[in-house]
Amino acid sequence: MTGGAALAVTLLVATAVGALHGSGEPKSKGTPMSMRLLTQDQYLNTMAYVFGANVQPTTRFAALPRTDGLLASGASIAGLTDAQLETYQKTASKVASQVMSEDSRKYLVPCEPAAADAADAVCAKAFFEQVAPLLYRRTLSDDQIAAFVGAAGAAAASLHDFYQGLGVVLEGILISPNVLLVAEVGEPDPEHPGQLRLDRWSLATRLSLFLWNAAPDAELLNAAQSGALETDEGLAEQVDRMLASPRLETGVRALFDDMFAFEDFSRLAKDNTIYPNFTGETAVDAREQTLRTVVDHLITHRGDYRDLFTTRKTFMSPSLAPIYKVAAQGPGWTPYEFPADDPHAGLLTQVSFEALHSHPGRSSATLRGKALREVMLCQTVPRPPANVDFSKVQNPDGSVKTARERIAFHLQNASCAGCHRIMDPMGLSMEAFDGSGTFRHEENGVEIDTSGNLDGVEFKDIVGLGKALHDNPQVPWCAVRRTFAYGTGTAADSNDRRVLEHLSAEFADQGYVFPDLLRDVALSRAFRQVYEPKLRKTYPLPDLKSAERTQQRAAADALTVSANP
Amino acid sequence: MSNMNERSSRFAIKASVRGLAAVALLPLLLDGTVIAAAPPAPAAAAPEVASSDDKDWAPPGGRIGYVLWDEVSWGLRETPDKQECPHGFNIGPREQFSEEFPKDGKKRTLAETQLKREAAIWDPDTTPDEFPFYEATGKYAIGVNLDGKDTPEDFESDDGRKGIDNQLFRVVGCIRNYRKEGELGIITTKWRAQKPFNRVTFELSGVDSLKNDPDVTVSYYRTLDTLLAGPTGNYLPGGSQRIDERWGKRFIISAKGHIVDGVLETEPFKEIQVPEDGMGDPAINIFRSAQLRLKLTPKSAEGVLAGFIDVEQWYYAMNTSWATHHAAYGQASAASIYKALRRLADGYPDPETGQNTAISGAMDMRLTQVYVIHQEEDSAAAAQ
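Predicted model, so just to flag it, every value in this text is computed and none were measured.

Novice: For this particular structure, what's the right way to read the overall build of chain B?
Specialist: Check the secondary structure of chain B and you find 10 helices and 11 strands. Out of the 384 residues in chain B, the part that is buried amounts to 44%. Of the contacts made within chain B by residues no fewer than 6 positions apart, 72% connect residues no fewer than 24 positions apart.

Novice: What am I meant to see in the overall build of chain A here?
Specialist: When helices and strands are counted, chain A shows 27 helices and 12 strands. Classification of the 565 residues of chain A by burial places 45% in the buried group. Counting contacts in chain A only where the partners sit at least 6 residues apart, residues at least 24 apart contribute 69% of the total.

Novice: I'm lost on the pairing of strand β1 (residues 64-73) of chain B in this one. Help?
Specialist: In the case of a regular strand, side chains alternate between the two sheet surfaces. All names here are of chain B. Of all 10 residues in β1, nine are buried, a share of seventy percent or more. Where β1 meets strand β2 (residues 200-205), four bridges bridge the pair, whose relative direction is antiparallel. Within β2, the residue paired with Tyr66 across the bridge is Phe202. Of the strand pairs in this sheet, β1 and strand β11 (residues 356-373) are connected by seven bridges, and their pairing is antiparallel. Looking at β11, one finds that Leu68 is bridged to Leu367.

Novice: What is the right way to read the packing of helix α10 (residues 200-212) of chain A against helix α13 (residues 248-259) of chain A from this model?
Specialist: Packed helices, taken two at a time, are described by the angle between their axes plus the distance between the axes. Residue and element names in this part refer to chain A. Two numbers describe how α10 lies on α13: the axes approach to 6 Å, and their chain directions differ by 80°. Comparing the axis directions of α10 and α13 gives the class roughly perpendicular. Seen from α10, the contacting residues are Phe210, Leu211 and Trp212; seen from α13, they are Leu248, Thr250 and Gly251. By residue class, the composition of the contact of α10 with α13 is four nonpolar, two polar and no charged.

Novice: Looking at this structure, I do not really get the interface of chain B and chain A. What am I missing?
Specialist: For an interface, size is often stated in terms of accessible area lost upon the parts coming together. On the side of chain A, 14 residues touch chain B, which itself brings 14 residues to the contact. Elements with a contribution of two residues or more to the side of chain B that touches chain A: β4 (239-242), β11 and α10 (375-383) of chain B. Examining the composition of the side of chain B that touches chain A, we find that three residues originate from one element, α10 of chain B, more than from any other. Classifying every residue of the side of chain B that touches chain A by side-chain character gives six nonpolar, five polar and three charged.

Novice: I tried to follow the environment of Lys460 of chain A on my own but got confused; where do I start?
Specialist: All names here are of chain A. Here Lys460 lies in the loop between β11 (457-459) and α22 (462-470). Taking the C-alpha atoms as reference points, Lys460 and Ser158, 302 residues apart in sequence, are found 75 Å from one another. Look past the residues within four positions of Lys460 in its chain and what remains in contact with it is Thr450 and Ser451.

Novice: Would you explain the confidence of the model for chain A in this entry?
Specialist: Parts of the prediction with low pLDDT should not have their coordinates interpreted in detail. Residue and element names in this part refer to chain A. Looking at chain A as a whole, the pLDDT averages 88, with 89% of positions reaching at least 70. Here residues 1-22 scores under 50 on pLDDT; set against residues more than four positions off or in separate chains, the count is eight contacts. Overall, residues 561-565 carries pLDDT values under 50, and its contacts beyond four positions in sequence, including any with other chains, amount to 11 contacts.

Novice: Is there a simple way to think about the sheet that holds strand β5 (residues 196-198) of chain A in this case?
Specialist: Two pairing modes exist for strands in a sheet, parallel and antiparallel, and in both the strands are linked by backbone hydrogen bonds. Residue and element names in this part refer to chain A. The strand order across the open sheet built from four strands is β1-β12-β5-β4, with neighbouring strands paired in mixed fashion. With one partner strand each, in any of the chains shown, β1 (31-32) and β4 (186-188) form the two edges of the open sheet. Across two bridges, β1 lies against strand β12 (residues 529-531) in parallel orientation. Pairing of Pro32 across the sheet is with Tyr531, part of β12.

Novice: How should the nonpolar core be read in this particular structure?
Specialist: In terms of nonpolar packing, the biggest core is built from 227 residues, with Ala152, Leu166 and Val169 of chain A together with Leu305, Leu341 and Ile359 of chain B touching the most fellow members. Residues in contact with Leu166 of chain A, not counting those within four places in the same chain, are Met100, Val109, Ala124, Phe127 and Ala152 of chain A.

Novice: Even after reading the chapter, I still don't get the environment of Ser321 of chain B, so can you show me in this structure?
Specialist: All names here are of chain B. Examined against the element boundaries, Ser321 turns out to sit in helix α7 (residues 311-321). Each C-alpha atom of the pair Ser321 and Thr266 lies 29 Å from the other, and the pair is 55 residues apart in sequence. For Ser321, the residues in contact, after removing those within four places along its chain, are Glu276, Gly278, Met279 and Ala283.

Novice: How do you make sense of the pairing of strand β8 (residues 283-296) of chain B when you look at a structure like this?
Specialist: All names here are of chain B. Along β8, 11 of the 14 residues are buried, which leaves the element largely enclosed by surrounding structure. Bridge count for strand β6 (residues 263-266) against β8 is three bridges, and the pairing is antiparallel. Its bridge partner lying in β8, Val263 is registered against Lys295. With seven bridges joining them, strand β7 (residues 269-276) and β8 adopt antiparallel strand pairing.

Novice: Can you help me understand helix α14 (residues 280-300) of chain A in this one?
Specialist: In an α-helix, one turn spans 3.6 residues, which is why side chains three or four residues apart end up on the same side. The end-to-end C-alpha distance of α14 of chain A, which contains 21 residues, comes to 29 Å, matching closely the 30 Å that a straight helix rising 1.5 Å per residue would cover. Just downstream of α14 of chain A lies Arg302 of chain A, where phi reads positive at about 50°.

Novice: Looking at this model, I keep getting lost on helix α9 (residues 334-344) of chain B. Mind explaining?
Specialist: α9 of chain B sits mainly inside the fold: 10 of its 11 residues count as buried. Residues of α9 of chain B that are buried in the fold lie against α4 (114-122), α5 (167-172), α7, α8 (324-329) and β11 of chain B.

Novice: How do you make sense of unusual backbone geometry when you look at a structure like this?
Specialist: Note: most residues except glycine have negative phi, and most peptide bonds are trans. All names here are of chain A. Positioned with a positive phi, Asn213 is a non-glycine residue whose angle comes to about 55°. Within the secondary structure, Asn213 sits in the loop between α10 and α11 (218-226). The phi torsion at Arg302 lies on the positive side, around 50°, for a residue other than glycine. Residue class for Arg302 comes out exposed when judged on the 12 C-beta atoms lying within 10 Å of it.

The rules behind these values
Residues numbered from 1 in each chain as written. Chains lettered and ligands numbered in written order. Predicted model: local features only at pLDDT ≥ 70, side-chain atom pairs only at ≥ 80, totals over all residues. Helix = DSSP H or I, 4+ residues; strand = E, 2+ residues; numbered from the N terminus. Buried ≥ 20, exposed ≤ 12 C-beta atoms within 10 Å, placed from the backbone. Contact = placed C-beta atoms within 7 Å. Pairing = 2+ DSSP bridges. Axes fitted to C-alpha atoms, helices over the stretch in contact; angles between N-to-C directions. Parallel < 35°, antiparallel > 145°, perpendicular 65-115°, else oblique. Nonpolar A, V, L, I, M, F, W, Y, C, P; charged D, E, K, R; others polar. pLDDT = per-residue confidence, 0-100. Core = buried A, V, L, I, M, F, W, Y, C linked by C-beta atoms within 7 Å. Expected span 1.5 Å × (residues − 1).

Here you go:
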């Protein structure tokens, strides 16, 4: 081959690779514009950013429906009930009173009124100009600020207290639908005629919720306001700034907390007579241990995502140490590395996985296998039929000692085997851990057979399962799918397939470094590109309470008008 | 590690040397008639212990720690029919007050009554007690043969060991407060478990077998961490205790020991200091020539810490740890206890007065397994 021919081939290959990776993002519809509820953590993180970490009202927002493996996707289909509104109102009231308390107002209100017992339009304006855009996640017009100042003035005059006047309006802002709901807005994309892209404010919010799990900060809003976010360079600059921020840890923790379904920890209970070492504190620390491991490995050390399933490095607390049968080095968290010959290696061997996917009084190969399929591999295991005979699982025959024997019938019974074949073989290798997540060699005095296979890969123990997961191409693909869906706030569907394949290839090329995946997702065109979702036409029943609600509705409408930017 | 025979002979020589010293130092102060209380019938078979407890086992790295959580008693061996107290129990401060100051119409000042009694507690003396004091008696007691001798005032253990030194049993054995029906056992255990001031831990090192090992080292530490509490108010094995190597330096001490059939016995520690904070006025009990005898399992240990207990420190700890109502309801008269302590003290005579300053005794106790964290491990963790 001549030099010229070689150059031509090289260029051809480079072009082909470039088309597939890097700038070669395949075309897609983007994601539907969604309207999603701000989650409790997003709300609280935003309050902490705007008013400081001391302003942390105790509250409990309603649970979100888990959709396609993520609560973040469920937030876009969640409803809003009267009870939820009451919770939002109470929370808003707490925030407002904390912000306006005598201690806080000195530094949270940027000025001092001429008189504390009367309205002060200048000072009120300074306050609302500072906080309102951060809460509404966009700049506000002078008229909108003036409306707040006017309302605060009226309240101050009525209550003879400047700060209470501010507090009343702040409370109103915090229960505004425009604050509590993230309503994404699309606009024609000048670079791709006929397509829609997120408007600058929606993009800023999507980015910030994705990477920080909070509303945009002032700098991101400024970038949106200036139009910088609409340029590739400006967007990249902001994404890189956000990835370099310590707030990224909060965002990554939220993503994995959601992906690993850790909200289940809030209702996890163990039978204390069977597992006396497993306390409420153990559950809290188990969740924290895994999140610390993830952040340390993926963010601090920029490690290979797949190594999460084999790493022996983690963190230990006094509550967890007895479960792992190791010494706790301190009263708080300390780094910990299991020895090379230890059976603990990777997330599957952590208490968070083994205990969360067990019954209160016993382990469960099936629950663990199901969780492995659904959480780590993004696969769906069909629900069991309604007529399952559980008496076979709770076999009272004393000669049946181990789970492998107890659930052998799963694979013998044709109606069970279809599903259990994809759960039990890997779930049984996790029988090396009891229902509290403590490692064991034996069950009822009989040595546990921990061999199994995952999609054809044979292994002899839990460490082998971790390695099989590490090498399973579905694992990083699942991370990409969940990350993309989490970032866009909508469940991934078939429209996203080519984009996800592209992002997966990029992820692999970059050595499975997770912050690089976050960057690729945030900068992808699919992240910005949106389309009008198909809305199902509904025919609501007549509101039977309309008559008695006329006055209330009028008041609510008035508030909405005054608060709506 | 030495071989078993060498270890045994060294023990025997040391024990005989201690015995000679003890003969010179320890006056015999036994009075009253010895009434033998036969060992109780063996208890019903205990529930089968965990299989791991039955097997021989070596702890990782040859080290295992046990933290003290339960002070069962001050070495009391109680029989169901109270054979050790043939004269009954002692009366307490209320009863003594009533006897001394009967309601006979005689006018008495505060100084002549309450303050006089108060002074007898806080400025006690060894003059003969105005009230009869009933010592615990009998053939059997809990404890260790501290001086290597079997003398008439000594007891025998239920498992046939002779020469058990436990004169403190004579002092407190017939005082309701110190017995099972009293409240001290419950409350000292609560304080031991809950108050960080009271946290002490033993660590065995060089352990090749928890069943039989002729040569182990036992170290004693004051440690820093809370106990690992179980769901039903018990304390669980598997916790961790960091050594207080700063303020707890003076507590640190080691001794050699051996394990035979799962029972640890040590050579004497020169002095073991046991912190005791009851109601916020901390004290330290001092066990001189202290020896441990503990039944070991991988999860727990139980047995005694025996030694010659400093009388003045023990008395101070008693008075500062316990409120008046404890003494009143438990019928524990401090003034009478002091006289008995001094009368029965059998060790460590004062060089000037010749009076014994310590009394043989034993703390009957239970401990649970912990990992003992040494400073170098802390540093290594920090370096990570």
